[in-house]
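Residue-level listing of the chains:
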Amino acid sequence: MVYDYNVKDRKGNEVSLKEYEGKVLLIVNTATGCGFTPHYEPLEAMYKDLKDKGFEILDFPCNQFANQAPGSEDEIHEFCTMKFGTDFPQFAKIDVNGENADPLFAYLATEKPFEGFGKGLKNAALKKFTDMNNKAYGDKAYIKWNFTKFLVDREGKVIARFEPTTDMAEVRKAVEELLG
């Protein structure tokens, strides 16, 4: 369960995910220079609307996908708060793939493995690009691209995985259903 993991906040302090016990979580790997970076806008809107109902978004910047999160934790945080007004917790930049993959993301991806980006030309092109990008990680290519989202219930169980190609309205609907 996710409560068994510790992560580092953006200042480098260790945080136990037990602090979020009893909340519905959306855990996301992000990047500031990605075509999916506009996801911050609906993520923040969802957070603002639902945080009082026991919802948290946990944001983990990652630079493993075409170097799309090159800044420091402070630079990334400033970008997100200034451009998108984000208010949800942002943690230290991590690796989500390879030998140095954060254990939390290895666990999340093992619980809900990649099942594809969906249909269509755009999704097929993204798959081809991500396969090339992630080739170096072999069987430790847990996450295929930025803005992969994992939905966790109030008991710490991973309920769903949403690829960056998933419509944000679908993500929100799943969160709202879990909140009850």
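Above this text you will find the structure in question.
Described in the following lines is the structure provided in the data block. Remember, predicted model here, so these are calculated numbers, not experimental data. (Residues numbered from 1 in each chain as written. Predicted model: local features only at pLDDT ≥ 70, side-chain atom pairs only at ≥ 80, totals over all residues. Heavy atoms only, no water.)

Some thoughts on the packing of aromatic side chains
The description of an aromatic ring pair rests on the distance of the ring centres and on the angle between the ring planes.
Line of reasoning, step 1. According to the stated counting rule, one finds 11 aromatic pairs in the structure shown.
Line of reasoning, step 2. Three or more aromatic residues joined by ring pairs make a cluster, and in this case those are Tyr 40, Tyr 47, Phe 79, Phe 84, Phe 88 and Phe 147. (Phe/Tyr/Trp six-rings, centres within 6.5 Å; stacked < 30°, edge-to-face > 60°.)

Digging into the side chain of Glu 44
Line of reasoning, step 1. Residue placement: Glu 44 occurs in helix α1 (residues 40–50).
Line of reasoning, step 2. Of the side chains with opposite charge, Lys 48 comes closest to the buried, unpaired Glu 44, at an N-O distance of 4.1 Å.
Line of reasoning, step 3. Those residues in contact with Glu 44 that sit more than four places away from it in its chain are Phe 84, Gly 85, Thr 86, Asp 87 and Phe 88. (Helix = DSSP H or I, 4+ residues; strand = E, 2+ residues; numbered from the N terminus. Buried < 20%, exposed > 50% of the residue type's maximum accessible area, 1.4 Å probe, protein only. Lys, Arg positive; Asp, Glu negative; His and termini not counted. Salt bridge = Lys/Arg side-chain N within 4 Å of Asp/Glu carboxyl O. Contact = heavy atoms within 4.5 Å.)

Overview of the sheet that holds strand β4 (residues 55–61)
Line of reasoning, step 1. Read across the sheet, 4 strands follow the order β4-β3-β5-β6 without closing on themselves; strand pairing throughout is mixed. With one partner strand each, in any of the chains shown, β4 and β6 (158–162) form the two edges of the open sheet. The sheet shows a mean angle of 20° between the axes of neighbouring strands, taken without regard to direction.
Line of reasoning, step 2. One ladder, built from 7 bridges, connects strand β3 (residues 24–30) with β4; its direction is parallel. Looking at the pairing, Thr 30 lines up with Pro 61 of β4.
Line of reasoning, step 3. Sheet strands touched by helix α3 (residues 103–111): β3, β4, β5 (149–152) and β6. Its angle to β3, the strand with the most contacts, is close to 110°. (Pairing = 2+ DSSP bridges. Axes fitted to C-alpha atoms, helices over the stretch in contact; angles between N-to-C directions.)

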